[in-house]
Amino acid sequence: MARGNWTRVEEFILMSFSSLPTEIQSLLFLTFLIIYLVTLMGNSLIILVTLADPMLHSPMYFFLRNLSFLEIGLNLVIVPKMLGTLLASDTTISFLGCATQMYFFFFFGVDECFLLATMAYDRYVAICSPLHYAVIMNQRTCAKLAIASWFPGFPVATVQTTWLFSFPFCGTNKVNHFFCDSPPVLRLVCADTALFEIYAIVGTILVVMIPCLLILCSYTCIAAAILKIPSAKGKHKAFSTCSSHLLVVSLFYVSSSLTYFRPKSNNSPESKKLLSLSYTVVTSMLNPIIYSLRNNEVKNAFGRTFRKALDLRNCIP
């Protein structure tokens, strides 16, 4: 296309769920608002309780606290704007705003993949080398693993976002999604994007598969170790220490893989929106619920923290 036909795009229009009737959009607004508030409250409580309770000052809950920070960040990037499009029909987002949203979506999404792998390694050491767990997973090692989990998001988000938004945009500026994800924004580009698409595919596969393989290796070793435990009670106790993490990993990887690795012919925009909701909004809400309901240490810590808060309140004249 000739350069003279290119139009400088200064803002985008998020189509979100505009094709649905107003009544349905209002219902979606209330639903997502409740999910958003539950997500913020649940993950914030996980952070506060794991900091306040000395019984939870262990590597497992250190990484869980990092996961809660990621979930809060991911929701703050996506959900408020989505709620605005449903409530006030304010579907516009500036060029810079769209790029910023995409950057932090990639940043938090990539970091979550690697953090889940780090949490799997922590469970592997706890179950396969319990006598050396405190030595291997010392404070210094945990800090290094946390930094290594947070770092990959920076180069991936920087390269992919900068490269995509350096392309010229022409024609429509309507993004058929509820946030600025790479595939729907890429469709608005009026230039040859073949090299970028190859990079995006290879990058996505590496970002998803490397942590996924680490998780599979960790849980293969964990399963082998659990099978060697002679008593059924011992097997149940060992499995219960990693069941919450395994459920969270399954939810995240199944929903994100269905979103990005389905054939284009089977991937309609509406179905992709629903799948995107599952791993960007719903999973973030379920994570603190899963760790609270399936973990007796967290449930007991909640009880101790609330009792301390009540006692402190009663002491105040």
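All values reported here derive from a predicted model rather than from experimental measurement. (Residues numbered from 1 in each chain as written. Predicted model: local features only at pLDDT ≥ 70, side-chain atom pairs only at ≥ 80, totals over all residues. Heavy atoms only, no water.)

Peer 1: So what about the layout of surface pockets? Which residues, and what values?
Peer 2: Of the voids in this model, the second largest pocket is the one considered here, and its volume is about 610 Å³. Contributing elements (two or more residues each) for the lining of the second largest pocket: α2 (59–87), α3 (95–128), α9 (232–260) and α11 (296–315). Sort the elements by how many residues they give to the lining of the second largest pocket and α9 lands first, with six residues. Looking at the lining of the second largest pocket residue by residue, the classes come out as nine nonpolar, seven polar and four charged. (1 Å grid on protein atoms, 1.4 Å probe; cavity = no way out; pocket = protein on both sides within 12 Å on 5 of 7 lines; lining within 4 Å. Points joined across faces, edges and corners; volume = space filled by probe spheres on them. Helix = DSSP H or I, 4+ residues; strand = E, 2+ residues; numbered from the N terminus. Nonpolar A, V, L, I, M, F, W, Y, C, P; charged D, E, K, R; others polar.)

Peer 1: With reference to specific residues and values, describe empty space enclosed by the protein.
Peer 2: Applying the stated criterion across every chain, the model contains one cavity of 30 Å³ or more. Taken as a whole, the largest cavity encloses approximately 60 Å³ of empty space. For the largest cavity, the full set of lining residues is M60, F63, M119, D122, R123, T241, C242, H245 and Y291. Among the secondary structure elements, those contributing two or more residues to the lining of the largest cavity are α2, α3 and α9.

Peer 1: Explain the UniProt feature "transmembrane region" (unreviewed entry) in the chain to me, and be specific about the residues and the numbers.
Peer 2: Under the local residue numbering, the UniProt record ascribes the feature "transmembrane region" (unreviewed entry) to residues 27–51, 63–83, 103–121, 142–165, 198–226, 238–254 and 274–293. Helix makes up 100% of residues 63–83 and strand 0%, with an end-to-end C-alpha separation of 30 Å. The span residues 142–165 is 88% helical and 0% strand by assignment, and the distance between its end C-alpha atoms comes to 36 Å. (UniProt positions renumbered as here; feature names shortened; annotations may be inferred.)

Peer 1: Outline the packing of aromatic side chains, supporting the account with residue identities and numerical values.
Peer 2: Under the defined criterion, the tally for this structure stands at 24 aromatic pairs. On the basis of an interplanar angle of 35° and a centroid distance of 6.1 Å, the ring pair of F17 and F32 is categorised as tilted. With F17 in the loop between β1 (11–14) and α1 (22–52) and F32 in helix α1, this residue pair connects regions lying 15 residues apart in the sequence. Here the aromatic rings of F196 and Y199 are separated by 6.4 Å at their centres, their planes lie at 45°, and the arrangement is tilted. A residue pair is termed a helical-turn pair when its members lie 3 or 4 positions apart in one helix, as F196 and Y199 do in helix α8 (residues 194–227) at three residues. (Phe/Tyr/Trp six-rings, centres within 6.5 Å; stacked < 30°, edge-to-face > 60°.)

Peer 1: Explain the side chain of R65 to me, using residue names and the numbers behind them.
Peer 2: Tracing the backbone through its elements, the reader meets R65 in helix α2. Despite its burial, R65 pairs with no opposite charge; the closest candidate is D53, at 10 Å N-O. Polar side-chain contacts of R65 include one of 3.2 Å to the side chain of T50. Beyond its immediate stretch of four places on either side in the chain, R65 contacts I47, T50 and L51. (Buried < 20%, exposed > 50% of the residue type's maximum accessible area, 1.4 Å probe, protein only. Lys, Arg positive; Asp, Glu negative; His and termini not counted. Salt bridge = Lys/Arg side-chain N within 4 Å of Asp/Glu carboxyl O. Polar contact = N/O pair within 3.5 Å; in protein donor to acceptor, adjacent residues only side chain to side chain. Contact = heavy atoms within 4.5 Å.)

Peer 1: Quick one: what's the story with the nonpolar core, residue by residue and with numbers?
Peer 2: With 84 residues, the main nonpolar core has F12, M82, L116, L164, F165 and V185 as its most contacted residues. With residues up to four places along the chain from it excluded, the contact list for F165 reads F12, F95, C98, A99, M102 and V185. (Core = buried A, V, L, I, M, F, W, Y, C linked by side-chain atoms within 4.5 Å.)

Peer 1: Account for the pattern of salt bridges, naming residues and giving values.
Peer 2: Applying the stated criterion across every chain yields a total of one salt bridge. Ionic pairing is found between R123 and D122, a salt bridge with its closest N-O pair at 2.9 Å. The two residues R123 and D122 agree in class, both being buried.

Peer 1: How would you sum up the environment of F114? Please name residues and give values.
Peer 2: Within the secondary structure, F114 is located in helix α3. Remark: the alpha-carbon pair of F114 and P152, spanning 38 residues in sequence, is separated by 8.0 Å. Sequence-distant contacts of F114, that is, excluding residues within four places in its chain, are made with S149, P152, V207, I210 and P211.

Peer 1: If you had to explain the pairing of β1 to someone new, which residues and values would you point to?
Peer 2: With burial as the criterion, only one face of β1 is covered, namely that bearing F12 and L14; the residues E11 and I13 on the opposite face remain uncovered. The pairing of β1 with strand β2 (residues 92–94) spans three bridges and is classified as antiparallel. Opposite I13, over in β2, you have T92 as the bridge partner. (Pairing = 2+ DSSP bridges.)

Peer 1: Can you tell me about the packing of α8 against α9, naming the residues and giving the values?
Peer 2: Packed helices, taken two at a time, are described by their axes: the angle between them and the distance between them. Interaxial distance between α8 and α9 falls to 11 Å at its minimum, and their mutual angle equals 160°. Taken together, the axes of α8 and α9 are roughly antiparallel relative to one another. Pair α8 / α9 crosses with left-handed handedness. Residue-level inspection shows V208, P211, C212, I215, Y219, I222, I226 and L227 of α8 in contact with α9, the latter providing K235, A238, F239, C242, H245, L246, V249 and Y253. Here the residues of the contact of α8 with α9 sort into 14 nonpolar, one polar and one charged. (Axes fitted to C-alpha atoms, helices over the stretch in contact; angles between N-to-C directions. Parallel < 35°, antiparallel > 145°, perpendicular 65-115°, else oblique. Left-handed = near helix turned anticlockwise from the far one by under 90°.)

Peer 1: Describe in detail the state of the cysteines, supporting the description with residues and values.
Peer 2: Here the structure, examined in full by the defined rule, presents two disulfides. Each disulfide pairs two cysteine sulfurs, and for C98 the partner residue is C180, the sulfurs being separated by 2.0 Å. Linking C98 and C180, the disulfide has an S-S dihedral of approximately -120° and is accordingly described as left-handed. Of this pair, C98 sits in helix α3 while C180 sits in the loop between β3 (174–175) and α7 (182–186), and the two are 82 residues apart along the sequence. If one numbers only the bonded cysteines of the chain, in the order they occur, the disulfide pattern is 1-3, 2-4. We note that C217 lacks a disulfide partner, and the nearest cysteine sulfur, in C221, lies 6.9 Å from it. Looking at the unpaired C242, the closest cysteine sulfur is the one in C128, lying at 9.5 Å. (Disulfide = S-S within 2.5 Å.)

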